[in-house]
Amino acid sequence: MDFDKWFYGQDRIVQIILLIIPFIGWIVELLVRLSVMLRTMRAEHIVVFILFLVFGWGWFLCLIDIIYLAVKGRLILA
C-alpha cells in the first residue's frame, strides 16, 4: 500500500484541501498512517495508528496535522 507516497506526491495545496474536508480528511489521514504502518511495521507507527483510530476523529488533531503539513510538508508522526 503506497497511499502515503501518492499523498506526499500531490501539491501542498491539494494535500491541505484533502485534509480540510471534515470526513474526507479523517479518511485520508487514516489511509496515510495505515500505509506507513504497513510499509514500515515499526512500533511507533503502529502505536500512532492505533492512537489515531481512537482519538483522531476530532478536529483538534486534524488542525494540528494541517498546520504541521503546511510548515514541514509531512503529517505529524507519519
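Structural data are supplied above this passage.
Novice: How should I be thinking about the packing of aromatic side chains in this particular structure?
Specialist: Both the distance between ring centres and the angle between the ring planes are used here to describe each pair of aromatic rings. Under the counting rule described, the total for this entry stands at four aromatic pairs. Ring plane angle 35 degrees and centroid distance 5.3 Å describe the contact between F3 and W6, whose orientation is recorded as tilted. On the criterion of helical spacing, the pair formed by F3 and W6 is a turn pair, its members being three residues apart in helix α1 (residues 3-9). Owing to a relative accessible area of 42%, W6 belongs among the partly exposed residues under this scheme. With 6.2 Å between their ring centres and 20 degrees between their planes, W26 and F52 make a pair best called stacked. Taken together, the residues W26 in helix α3 (residues 22-40) and F52 in helix α4 (residues 43-55) connect sequence positions 26 residues apart. Residue class for W26 comes out partly exposed when judged on its relative accessible area of 22%. Ring-pair connections join several aromatic residues into one group, and the members of that group are F23, W26 and F52.

Novice: What am I meant to see in α3 here?
Specialist: Within an α-helix, residues lying three or four positions from one another point in the same direction, as the helix has 3.6 residues per turn. Taking 1.5 Å as the rise per residue, α3 with 19 residues should run 27 Å; its terminal C-alpha atoms sit 28 Å apart, in good agreement. Of the surrounding secondary structure, the elements contacted by the buried residues of α3 are α1, α2 (12-20), α4 and α5 (59-72). Backbone geometry just after α3 places M41 at a positive phi near 55 degrees.

Rules of the game
- Residues numbered from 1 in each chain as written.
- Predicted model: local features only at pLDDT ≥ 70, side-chain atom pairs only at ≥ 80, totals over all residues.
- Heavy atoms only, no water.
- Phe/Tyr/Trp six-rings, centres within 6.5 Å; stacked < 30°, edge-to-face > 60°.
- Helix = DSSP H or I, 4+ residues; strand = E, 2+ residues; numbered from the N terminus.
- Buried < 20%, exposed > 50% of the residue type's maximum accessible area, 1.4 Å probe, protein only.
- Expected span 1.5 Å × (residues − 1).
- Contact = heavy atoms within 4.5 Å.

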